[in-house]
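# Breakdown of the fold
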Amino acid sequence: NPLNNISTSCQILIEEQGECDPAFAARMLSNIQQEVLRARDIVKGLLEFSRAKDFSLKPVALAAVVANAFRLVSSQVPSGITLTQDIAPGLVLDLDAARMQEVLINLLLNAAQAITEPPGAITVTAWEEAGMATITVKDSGEGIPDEALGKIFDPFYTTKEVGKGTGLGLSIVFGIIEKHQGSIVAEKTGGQGARFVIRLPLPGSAPENA
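Anyway, here's the lowdown on the structure attached to this text.

About the cut-offs
- Residues numbered from 1 in each chain as written.
- Predicted model: local features only at pLDDT ≥ 70, side-chain atom pairs only at ≥ 80, totals over all residues.
- Heavy atoms only, no water.
- Helix = DSSP H or I, 4+ residues; strand = E, 2+ residues; numbered from the N terminus.
- Buried < 20%, exposed > 50% of the residue type's maximum accessible area, 1.4 Å probe, protein only.
- Contact = heavy atoms within 4.5 Å.
- Pairing = 2+ DSSP bridges.
- Axes fitted to C-alpha atoms, helices over the stretch in contact; angles between N-to-C directions.
- Expected span 1.5 Å × (residues − 1).
- Arc of directions from axis to C-beta.
- Parallel < 35°, antiparallel > 145°, perpendicular 65-115°, else oblique.
- Left-handed = near helix turned anticlockwise from the far one by under 90°.

### A look at the overall build of the protein chain
- Helix and strand content of the protein chain: five helices and seven strands.
- The N-to-C order of helical and strand elements in the protein chain reads α-α-β-α-β-β-α-β-β-α-β-β.
- In the protein chain, which comprises 210 residues, the proportion classed as buried is 34%.
- In the protein chain, the share of contacts with a sequence separation of at least 24, taken over all contacts with a separation of at least 6, comes to 69%.

Here you go:
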């Protein structure tokens, strides 16, 4: 998406060369600069993810992982959908940051696709409770059909139209959460939308031989 926007702006400037209003040209150049910075951030995130080949748990501030995931999905979330986070201050967990980022990206993109008619909202919240951290990803989309709740994490199961999903995303999410000695469930909210609830052990509370 950033490269496409850069290309479009450059084509306009080339076509209007010599006849372009200076203020308009300045806006186009500003757009190009913003898209270059966005592309830089996306590539940086991908490089960080590709380096994390071995599963490794380290103390990580959850808010930073959520913020990185928000940044990486921002170009794929329609403008009418707001992304907000409410993370308990100072919440640090033993995480493989790259893989937890993958979990959040999967959940955020699924949530965005479930909001078929923006405006809408996606909210990530997290707090500590009884030796566990609870993380929720809630959206205002179409919700999850009753028949899908029990098998939504099964490999190759998808509620999307043919050609619009592999059915692997949520099964990968499930496996990553299991490797963190945690759990994830999908819930209907009772109203509009859906909620995914992740529970992870706080540092020092996971079984030693797990």
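### Remarks on the environment of Ile176
- Tracing the backbone through its elements, the reader meets Ile176 in helix H5 (residues 169-179).
- Overall, the relative accessible area of 8% leaves Ile176 in the buried class.
- For the pair formed by Ile176 and Met100, sequence separation is 76 residues and the distance between their alpha carbons is 7.4 Å.
- With sequence-adjacent residues up to four places away left out, Ile176 is seen in contact with Arg99, Glu102 and Val103.

### Structural notes on the sheet that holds strand E6 (residues 183-188)
- Spatially, five strands are ordered E2-E4-E5-E7-E6 in an open sheet, and the strand pairing comes out mixed. Because the sheet does not close on itself, it has two edges, and the strands there are strand E2 (81-87) and E6. Averaged over all neighbouring strand pairs, the angle between strand axes comes to 15°, with direction disregarded.
- The pairing of E6 with strand E7 (residues 194-201) spans six bridges and is classified as antiparallel. When the sheet's bridge partners are listed, Val185 is paired in E7 with Val197.
- Strands in contact with helix H3 (residues 62-73) are E2, strand E4 (120-129) and strand E5 (132-139); relative to E2, the strand with the most contacts, it is inclined by about 170°.
- Sitting on the sheet, helix H4 (residues 97-114) touches E2, E4, E5, E6 and E7, and the angle it makes with E5 is about 30°.

### Some thoughts on helix H1 (residues 2-15)
- Compared with the 20 Å implied by 1.5 Å per residue over 14 residues, the 20 Å span of H1 between its first and last C-alpha is a close match.
- Every buried residue of H1 is listed here: Pro2, Ile6, Ser9 and Leu13. Along the long axis of H1, the arc covered by the buried residues comes to 70°, so they all point the same way. Within H1, the exposed residues directed more than 90 degrees away from the buried face are Leu3, Asn4, Ile14 and Glu15.

### Looking at the pairing of E4
- With seven bridges connecting them, E2 and E4 associate as parallel partners. Paired with Thr84 across the two strands is Thr123, which belongs to E4.
- The hairpin formed by E4 and E5 contains two residues between the paired strands, and Ala130 there has a positive phi angle of roughly 50°.

### Structural notes on the packing of H3 against H4
- Running from N to C, H3 and H4 cross one another at 50°; their axes reach a closest spacing of 9 Å. Taken together, the axes of H3 and H4 are oblique relative to one another. Relative to H4, H3 is oriented so that their crossing is right-handed. Together, Val65, Val66, Asn68, Ala69, Phe70, Leu72 and Val73 of H3 and Ala97, Met100, Gln101, Leu104, Ile105, Leu108 and Leu109 of H4 make up the contact between the two elements.

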